[in-house]
Amino acid sequence: MDLRTTLSVNESFMEMLTDIKNRGAKAEMILDINGLERAEGVIKEIHADDPNPYIELQDGTKIVEKTIAALNGLFRPEYAGC
């Protein structure tokens, strides 16, 4: 059986993103933007107070938090069976 570690229902990745940024670690993500795609990089900024919270990577890529299906091996509950 394939098991995946998931967030709790209604939990977001914001706390984990903040921790990754503070440590200067790389964020490895699976995004769901018209299909699944990969993204990775060091987080430059976190815009948590925006109506659609997002992060900006060092290379300038902006990623809306709600499009992140998985972050460093942790999945949203709705992607547990992917």
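These numbers come from a predicted model, not from an experiment. (Residues numbered from 1 in each chain as written. Predicted model: local features only at pLDDT ≥ 70, side-chain atom pairs only at ≥ 80, totals over all residues. Heavy atoms only, no water.)

Chemist: What exactly am I supposed to notice about the pairing of strand 3 (residues 54–57) here?
Modeler: Side-chain direction in a regular strand flips from residue to residue, so the side chains alternate between the two faces of the sheet. Side chains Tyr54 and Glu56 of strand 3 all project onto a buried face; the interleaved residues Ile55 and Leu57 project onto the opposite face, where all are buried too. Bridge count for strand 2 (residues 36–47) against strand 3 is four bridges, and the pairing is antiparallel. What sits directly across from glutamate 45, in strand 3, is glutamate 56. By the bridge criterion, three bridges tie strand 3 to strand 4 (residues 62–64) in an arrangement that is antiparallel. Looking at the pairing, tyrosine 54 lines up with valine 64 of strand 4. The turn joining strand 3 and strand 4, which pair antiparallel and follow one another in sequence, is formed by four residues; a positive phi near 95° is taken by glycine 60. (Buried < 20%, exposed > 50% of the residue type's maximum accessible area, 1.4 Å probe, protein only. Helix = DSSP H or I, 4+ residues; strand = E, 2+ residues; numbered from the N terminus. Pairing = 2+ DSSP bridges.)

Chemist: Even after reading the chapter, I still don't get unusual backbone geometry, so can you show me in this structure?
Modeler: A positive phi angle, close to 55°, is found at asparagine 34, a residue other than glycine. Within the secondary structure, asparagine 34 is located in the loop between strand 1 (26–32) and strand 2. Of the residues examined, asparagine 34 reaches a relative accessible area of 84% and is grouped as exposed. A positive phi is found at asparagine 72, a non-glycine position, where the angle reads about 45°. Along the chain, the position of asparagine 72 falls in the loop between strand 5 (68–71) and strand 6 (74–75).

Chemist: Any chance you could explain the pattern of salt bridges here in plain terms?
Modeler: As enumerated under the stated definition, the model contains four salt bridges in all. In this structure, lysine 26 engages glutamate 40 in a salt bridge whose closest nitrogen and oxygen atoms are separated by 3.2 Å. Of the two residues, lysine 26 is situated in strand 1 and glutamate 40 in strand 2; the sequence distance between them amounts to 14 residues. On the basis of relative accessible area, lysine 26 is assigned to the partly exposed category, the value being 40%. Residue glutamate 65 pairs with arginine 76 through a salt bridge whose shortest N-O separation is 2.9 Å. With glutamate 65 in the loop between strand 4 and strand 5 and arginine 76 in the segment after strand 6, this pair connects stretches of sequence that are 11 residues apart. (Salt bridge = Lys/Arg side-chain N within 4 Å of Asp/Glu carboxyl O.)

Chemist: Explanation requested: the nonpolar core in the structure shown.
Modeler: The nonpolar side chains of a soluble globular protein tend to be buried with one another. Leu17, Met29, Ile43, Ile55, Ile63, Ile68 and Leu71 are the most contacted members of the largest nonpolar core, which totals 16 residues. Of all elements in the fold, only helix 1 (14–23), strand 1, strand 2, strand 3 and strand 5 reach the threshold of two or more residues within this core. (Core = buried A, V, L, I, M, F, W, Y, C linked by side-chain atoms within 4.5 Å.)

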